[in-house]
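# Topology and contacts: notes
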Amino acid sequence: MLDVCLLGCGGMMPLPYRYLTALMTRFNGSSLLVDCGEGTQIAIKEKGWSFKPIDVICFTHFHGDHISGLPGLLLTMGNADRTEPLTLIGPKGLERVVNSLRVIAPELPFPILFREIEGPEQTFELKGYRLKAFRVNHNVVCYGYTMEIDRAGKFDVERAREREIPQKFWSRLQSGETVEDGGRVFTPDMVLGPPRKGIKLTYTTDTRPTDSIRRNALDSDLFICEGMYGEKDKASKASEYKHMTFYEAAGLARDAHVREMWLTHYSPSLTRPEPYMDEVKKIFPHSKPGKDGLSTELMFEE
Ligand SMILES: [Zn+2]
Ligand SMILES: [Zn+2]
């Protein structure tokens with residue numbers, strides 16, 4: 001099960017009633033954050049989740065509304081006595097940008113590991129998450145992310161018995177381990193059926209619609225996508241500033257055959273997304289207007 005919380009849904013600046021866009025997920029005791037603008041700590045606190053288990057922070061790009069909350073968060077994680085390393089993922093220049101921000105958070109009790117994304121797409125395997133960064137189209141280098149949790153095939157008791165695999169090794173094989181015993185080697189594929197459908201989440205913000213989004217978001221259980229503007233007459237503004245309208249986001253959701261789409265990164269000028277949702281749902285019926293703290297649990301299929 002993947003616990004998902006859209007911490008905030010605002011773009012550009014935090015408002016009294018709207019935190020900046022950030023996503024937090026929890027899987028198997030490990031938390032992951034995508035983007036960390038000003039006030040993200042308050043949004044996490046509001047949700048009631050902890051800072052200490054955040055093992056990975058991914059950055060879409062280096063605009064202030066997506067990274068300016070980092071130094072404060074690092075200090076809080078340090079005050080929570082975290083000692084395990086923290087992995088940061090982001091566009092080229094990540095280490096330089098973060099080290100500049102670290103001038104105001106110099107002493108931390110945990111090491112920071114930097115993973116700068118190389119090229120248009122890169123995959124990272126971390127803490128049970130398979131993360132893929134893919135290039136999108138903003139006015140600075142920007143990436144979207146897919147997060148996948150794989151699921152192994154079903155354990156086949158009949159096959160395990162036929163091959164006379166001792167029962168004491170079953171659970172290790174089931175968790176993907178290869179086991180050696182007195183010269184015999186047992187591999188997971190001897191006892192597991194074909195891989196089953198896992199969980200897939202895609203998050204992308206600050207971009208025009210791109211083929212990379214359509215391709216990478218394909219068949220996602222949840223697609224969280226920027227929608228800066230709901231007003232139809234702001235389509236040219238969206239294009240000029242390299243953002244999207246709600247309708248463009250819905251078009252991507254439809255093309256990528258996702259199960260559900262949440263809008264996020266609203267312009268401060270947009271007070272309520274709801275009045276535009278009927279039109280959005282004509283393009284993609286399973287659309288939801290993101291709001292601060294909107295949460296779900298993505299489950300493996302039965
Ligand atoms: Zn932004
Ligand atoms: Zn931006």
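Structural data are supplied above this passage.
Attention in this report is confined to the structure presented alongside it. (Residues numbered from 1 in each chain as written. Chains lettered and ligands numbered in written order. Predicted model: local features only at pLDDT ≥ 70, side-chain atom pairs only at ≥ 80, totals over all residues. Heavy atoms only, no water.)

As a further point, take the packing of aromatic side chains. Scanning the entire structure with this criterion turns up five aromatic pairs. The interplanar angle of 45° and the centroid separation of 5.3 Å between the aromatic rings of F155 and W170 together place this pair among those described as tilted. Here the residue F155 occupies a position in the loop between β9 (143-151) and α5 (157-162), and W170 occupies one in helix α6 (residues 170-174), the gap between them amounting to 15 residues. Residue F155 shares its accessibility class with W170, and that shared class is buried. Between F246 and Y266, the aromatic rings sit 5.7 Å apart at their centres with planes inclined by 50°, giving tilted as the arrangement. Taken as a pair, F246 in helix α9 (residues 246-255) and Y266 in the loop between β14 (261-264) and α10 (277-283) lie far apart in primary sequence, 20 residues in all. (Phe/Tyr/Trp six-rings, centres within 6.5 Å; stacked < 30°, edge-to-face > 60°. Helix = DSSP H or I, 4+ residues; strand = E, 2+ residues; numbered from the N terminus. Buried < 20%, exposed > 50% of the residue type's maximum accessible area, 1.4 Å probe, protein only.)

Note on strand geometry: in a regular strand, side chains alternate between the two faces of the sheet. Extensive coverage of strand β2 (residues 22-27) is indicated by the burial of five of its six residues. Strand direction decides the pairing type here: strand β1 (residues 2-8) and β2, joined by five bridges, are antiparallel. What sits directly across from D3, in β2, is R26. Where β2 meets strand β3 (residues 30-34), five bridges bridge the pair, whose relative direction is antiparallel. Bridge assignment links R26 to a residue of β3, and that residue is S31. Two successive antiparallel strands, β2 and β3, enclose a turn made up of two residues, where N28 displays a positive phi of approximately 55°. (Pairing = 2+ DSSP bridges.)

In this section: the environment of S239. As for its position among the elements, S239 is in helix α8 (residues 235-240). Taking the C-alpha atoms as reference, S239 lies 24 Å from H286; in sequence the two are 47 residues apart.

A separate point is unusual backbone geometry. Unlike most non-glycine residues, D35 shows phi in positive territory, near 70°. By the element assignment, D35 lies in the loop between β3 and α1 (40-47). Accessibility expressed as a relative area gives 0% for D35, which makes it buried. Positive phi, close to 65°, is recorded for D81, a residue that is not glycine. Residue placement: D81 occurs in the loop between α3 (70-79) and β5 (86-90).

For the zinc ion (ligand 1), the protein coordination sphere consists of D65 (OD), H66 (NE2), D206 (OD) and H265 (NE2), at 2.2 to 2.3 Å. Around the zinc ion (ligand 1), the four donor atoms are arranged such that angles at the metal cover 94 to 160°; this shape is classified as irregular. (Donors = N, O, S within 2.8 Å, 3.2 Å for Na, K, Ca; no water. Tetrahedral: all angles 85-135°; square planar, octahedral: opposite > 155°, others 65-115°.)

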